[in-house]
Amino acid sequence: MRKVDAKEPATSREQRVLEFWKQENIFHKSEKAREGRPEWVFYEGPPTANGLPHPGHVLTRVFKDLYPRYRTMKGYHVMRKAGWDTHGLPVEIEIEKKFGMNGKKDIQAFGIERFVQACRESVFKYEEVWRELTERLGYWIDLDHPYMTLTDDYIESVWHLLKIIYDKGWLVEGHRVSPYCPHCETTLSSHEVAQGYKDVKDLSVTAKFRAADDVDGRPTYFLAWTTTPWTLPSNVGLAVNEDLTYVLIHKAKTDENVWVAEGLQGQFVEEGDRVIAQKRGRDLVGSAYTPVFPYVVQEGKKHIVIASPHVTDESGTGIVHMAPAHGEEDYKACQAAGLIFVNFVDESGRFTKDVADYEGRFVKDEELNVDLVKDLAARGLVYEKHKHEHSYPHCWRCDTPLIYYAIHSWFIRTTEFKDALIANSQSVNWIPPHIRDGRMGNFLENVIDWNLSRSRYWGTPLPIWRCDACGEIECIGSRAELEKKAGRLPKELHKPYIDELTWPCRCGRGTMVRVPEVIDVWFDSGSMPFAQLHYPFENQDLFERLYPADFVCEAIDQTRGWFYSLLAISTAVTGRAPYKNVLVLGHVLDEQGKKMSKSKGNVIDPFEAFDKHGADAVRFYFVSNTQPWNSQLFYHRAVAEAKAKYIDLLQNIHQFYALYAGIDGFNPYQVEQVPVAERPLMDRWLIARLHQTIQGVDEAYERYDATQAARLLQAFVDELSTWYVRRNRDRFWADGMGRDKVAAYLTLFEALKTVALLTAPITPFLAEDIYQNVVRLGGDAKHVPESVHLCDFPAADAALVDEALIREMALVLRIVEMGRHLRNESKLKTRQPLAALYVPKAQQDVIAKFADVIQDELNVKEIRFVDLDDIARPMLYLNLNAVGKAFGRKTPMLNEAAKNADETQIRAFRETGAVELAGETLTQEHAEIRYEAKFEGLVTVDNRLFVGLETRLTPELVEEGYVREVISKMQMMRKEVDYGVTHHVRFYAEGDPELLQVIARNRARIDQTVLVREWSDAPLADADLTKEWDVNGKKLTLSVAR
RNA sequence: GCGCCCAUAGCUCAGUCGGCUAGAGCGCACGACUGAUAAUCGUGAGGUCGGUGGUUCGAAUCCACCUGGGCGCACCA
């Protein structure tokens, strides 16, 4: 065993452990050792390695590591395959930036092959950083055999899944209005849109659409509000709700009439205005109006009022302007009413030449919108305008504001199997449970079709070929199928190579050409249960064993991300839920509770945290601080605190054990075992607490409550250190190796060993360090598993959980606490022995068993069992402040009466809470009962217990106090010059003659305690230290030498 | 706008089924210990349990509404 330096920096300890794991291949062995055992299935959600890790990744990885470690110790086989998410817009945008490109035209010019290869190369840009993070954190995951979404095998599996979905008729193309990024020139799915909402201020305008017919000879307008003035040139209709009532208001100031919904008229009727007509929405339908811009010239039904049920009178005017290309509801309502369709915005978000005056201008440009509104205002068509703050979707990667845009896309008809999605989600153990019916439940209730296609380059190609003549389409589900059709395989299953493959259509006239789109990256990652194994082309048996997952864990933003894509694909393909238990984590926030983000500059570098506090401390902090689904504040001071109250404490105990076990050459495997039943009470108590802790920790891990496990461990380690070790220190430095000493060693050994095992999932480094040193004796104990992580999880022995003993010890601790309170009040330091402690006779049976502990802890000569009335007098003690407020001038009189209250009055107060004094009724707010000692000393009482401390000093007690004081000073000097704890040394003393006599009289005891070899008669010439002390007011000068 | 979560000491958090005087750690003040010692232990001060109302013998806990924070959703016209 090696000596332990509790001050060793955590990083150096953790480096040592990492070295050992690597050297001995422990991670690999931990998986190997459980081969053939039942599987406990974990799925890794793939991060993208082209960005740097964030503290949030540390949080998820702590929990992704902890439960697999626990399950492995419980005897399960856990496969831990890493994964990388490699496709998609984020990668493309990086490359665009890198080469100074902007938009798809530039990419085309750059060359798609070159572009795609550049993407491929950049995907693992930060892999090294991720690898280091993973290692430093102690996250055991197989990074050498990861699944990668860009490989042909992976893509082939994804194709297989798409084909199944296609064959079920759920993969369809459609023309609909979707959120669209004009920079990336592609549509986004709902879960991508969800990532990018931001609060922005946009110019909003209430425009006036002049009705064809004047009323009362005055111009009459329909009012409609919009926050997107750029959609007004494409206006083809106005929508009302058939069932709402609309009013016509005569505006006195401008002498014109305006239509708005009745429910909103309050915002439009000003002084002098009046309502001159009222109509149901259905009666307005069909009314013609003049458009506010002249650009819609296409023939057909247009510029009339139509009905749409989605119109409400909750905001705006209750009349909605319709631009069918830019709103899902607009599109549907216009179609239903048979209005024409126009789209004046091109794929890069600019006006086409149809909008002659604004051709080429970007529609989300603020100036353009201002110009449009000015244009309207010049023509008197603005009723009102203002800056409106609202949250508006932005592209989650390039930050461009999205527009709603009617475009051709491929969809998975998730709405078709919505019920199955809901049923599968219901079967999952969501942690915390509210996710099931809350976040996830709501989302699934409102599920919309999955917009799968992206008109981009770097992604899994949509495996659909279409005949350029007859339009027939075919979905390809494997490489073999493709080869059969096309006669060959491409260099890789990516654009542009894949697009080169064509074949003649059955129709005999045309060629089958692949559609240009790639798919949403979320489909890639959601396919991983299948694709990570290249299923069904390989590993069919393995897949059966590894599906579905027992456990997945990500942060809450993945509800609509990975959790959903896994669920949707799995439900579509197998009809089953892909996972059984899902731990949904909260976000990591900074010290002020603000989200950590690069732009705010408040991101704590995970590596800095590891360097400062060690990975164990970070891990323990995240696990113990709060339940993981709550937001977690992350800052250095908090981690340092977690370290101090658990990691350091445990390492201190380890150091203590190693120090003495080293000195004594204690070997737990070679000594004669002392059965627990034959060990002292203290040992039995600790063992009882230990097994109680095993039970609690095991159950907590089992139900995915590692926070509870960590807190139970922390409580146990605290008691182990501050009560067991502190109370039993002298047993470890007793001479020889008697049975009591062996019992103490065995007890502490078992506690340390078990704690190392219990804490291994949470703090794997510290656990290993203790295990190697204490359990494996630095490698000498060959008969125990090589690593703590190869051990079986400890089993609690219920028979050892002596609950009565645990309760009794709690009582003892309470007595000690009360005793220390009295010591504090008496101002008599603990080193001064006192004659007696009084405790309740009623508890004699229990207390007597622990008398020596209590006596020693409080430094009293004797414990006396008494009744409270034997040692204390109850008194009525007034709260003069309260009494003064209530009774004013009678206060002094009442106080006098309280002092003289007799026993019956006090008993009445004790029993009823009220007492009659001098004709007034005093209650508990005015008075309390205090106890006055009947002996020379102090008494304290609580509702269960009382403790009395005798403070009378006899000459003998005083002398002993001096002795203890002198011993203490001598020990401090030994410490200061850093003599070994077993060295015998020489002392010389001079000073107060009385004190010197005390020393002389107590030489035997002092010498034995302080290991004094010789008292010198003359000053020590070779003294290592000389110090002058004040010993209870008497001068003493001491010198020490070896 | 709709939905989910949260709000307890200066800070971070416990508080079980509604039930003793609402707890812990850190910080602060004071003290103790001194063979784990740059470690450790104790005592004390510190609370309108976010607010208002309700249910109840009894509410931090259950209900309603409100306020503040975090997050999510989206036809915010």
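What comes next concerns the included structure. (Residues numbered from 1 in each chain as written. Chains lettered and ligands numbered in written order. Predicted model: local features only at pLDDT ≥ 70, side-chain atom pairs only at ≥ 80, totals over all residues. Heavy atoms only, no water.)

It is worth spelling out the pairing of strand S19 (residues 464–467) at this point. Bridging between S19 and strand S20 (residues 473–475) involves 3 bridges; their strand directions are antiparallel. Note that in S20 the partner of Trp 465 across the bridge is Glu 474. Two successive antiparallel strands, S19 and S20, enclose a turn made up of 5 residues, where Gly 471 displays a positive phi of approximately 85°. Alignment of S19 against strand S22 (residues 511–514), held across 3 bridges, turns out to be antiparallel. Across the sheet, Cys 467 pairs through a bridge with Met 512, a residue of S22. (Pairing = 2+ DSSP bridges. Helix = DSSP H or I, 4+ residues; strand = E, 2+ residues; numbered from the N terminus.)

Within the fold, Ser 787 resides in the loop between helix H27 (764–775) and helix H28 (803–826). Here His 789 takes part through its backbone nitrogen, which lies 2.9 Å from a polar atom of the side chain of Ser 787. In this view, Ser 787 contacts Phe 20, Trp 21, Ile 26, Glu 768, Tyr 771 and Gln 772; residues no more than four positions away in its chain are not counted. (Polar contact = N/O pair within 3.5 Å; in protein donor to acceptor, adjacent residues only side chain to side chain. Contact = heavy atoms within 4.5 Å.)

A separate point is H27. Taking burial as the measure, the 12 residues of H27 include 12 buried ones, the bulk of the element. All of the buried residues along H27 are Pro 764, Phe 765, Leu 766, Ala 767, Glu 768, Asp 769, Ile 770, Tyr 771, Gln 772, Asn 773, Val 774 and Val 775. Contacts from the buried residues of H27 go to helix H1 (10–24), helix H3 (55–73), helix H7 (127–137), helix H22 (615–624), helix H23 (636–664) and helix H26 (739–759). (Buried < 20%, exposed > 50% of the residue type's maximum accessible area, 1.4 Å probe, protein only.)

Residue position: Trp 733 is located in the loop between helix H25 (706–732) and H26. Considered as a pair, Trp 733 and Tyr 660 are 73 residues apart in the sequence and their alpha carbons are 7.3 Å apart.

For Arg 726, the location among the structural elements is in helix H25. A relative accessible area of 32% means that Arg 726 is categorised as partly exposed. As a C-alpha pair, Arg 726 and Ile 653 span 73 residues in sequence and 9.9 Å in three-dimensional space. Beyond its immediate sequence surroundings of up to four residues, Arg 726 is in contact with Ser 721, Arg 820 and Glu 857. A distance of 3.1 Å separates the side chain of Arg 726 from the side chain of Glu 857, its partner in a polar contact.

For Arg 619, the position within the fold is in helix H22. The class for Arg 619 is buried, based on a relative accessible area of 0%. With 142 residues separating them in the primary sequence, Arg 619 and Pro 761 have C-alpha atoms 9.8 Å apart. Not counting the four nearest positions on each side in its chain, Arg 619 is found in contact with Val 62, Asp 65, Leu 66, Arg 69, Leu 137, Gly 138, Tyr 139, Pro 761, Ile 762 and Pro 764. From its side chain, Arg 619 meets the backbone oxygen of Pro 761 in a polar contact 2.9 Å long.

Judged by nonpolar contacts, the single largest core of 138 residues is most densely connected at Phe 63, Phe 634, Tyr 701, Leu 837 and Ile 854. Sort the elements by how many residues they give to this core and H26 lands first, with 13 residues. One finds Tyr 43, Leu 162, Trp 450 and Trp 503 within the second-largest nonpolar core, a separate group that totals 69 residues. (Core = buried A, V, L, I, M, F, W, Y, C linked by side-chain atoms within 4.5 Å.)

Glancing now at the packing of aromatic side chains. The full count for this structure, using the stated rule, is 52 aromatic pairs. A centroid spacing of 5.1 Å and a plane angle of 85° characterise the contact between Phe 732 and Tyr 745, whose relative ring orientation is edge-to-face. A residue pair is termed long-range when its members are at least 10 positions apart, and Phe 732 in helix H25 and Tyr 745 in helix H26 qualify at 13 residues. We classify Tyr 745 as buried; its relative accessible area is 0%. Following the ring pairs from residue to residue traces out a cluster consisting of Phe 656, Tyr 657, Tyr 660, Phe 666, Phe 732, Trp 733 and Tyr 745. Cation over ring: Lys 208 sits above Tyr 221, and NZ or CZ is 4.7 Å from the ring centre. Taking the ring centre of Phe 293 as reference, the NZ or CZ of Arg 379 above it sits at 5.2 Å. (Phe/Tyr/Trp six-rings, centres within 6.5 Å; stacked < 30°, edge-to-face > 60°. Lys NZ or Arg CZ within 6 Å of the ring centre and 35° of its normal.)

Between H22 and H25, the least distance of the axes is 8 Å, while the angle of their chain directions is 115°. Considered as vectors, H22 and H25 are oriented roughly perpendicular to each other. Taken together, the residues of H25 that come into contact with H22 (itself represented by Phe 620, Val 623 and Ser 624) are Ala 706, Thr 707, Ala 710, Arg 711 and Gln 714. A breakdown of the residues in the contact of H22 with H25 according to their chemical character gives 4 nonpolar, 3 polar and 1 charged. (Axes fitted to C-alpha atoms, helices over the stretch in contact; angles between N-to-C directions. Parallel < 35°, antiparallel > 145°, perpendicular 65-115°, else oblique. Nonpolar A, V, L, I, M, F, W, Y, C, P; charged D, E, K, R; others polar.)

To continue, consider helix H12 (residues 366–378). For H12, spanning 13 residues, the distance from its first C-alpha to its last is 18 Å, which sits close to the expected 18 Å at 1.5 Å a residue. Restricting attention to buried positions, one finds in H12 the residues Leu 368, Asn 369, Leu 372, Val 373 and Leu 376. All buried residues of H12 fall inside an arc of 135° around its axis, so they share one side. Opposite its buried face, H12 presents the exposed residues Glu 367, Lys 374 and Ala 378, each directed more than 90 degrees away. (Expected span 1.5 Å × (residues − 1). Arc of directions from axis to C-beta.)

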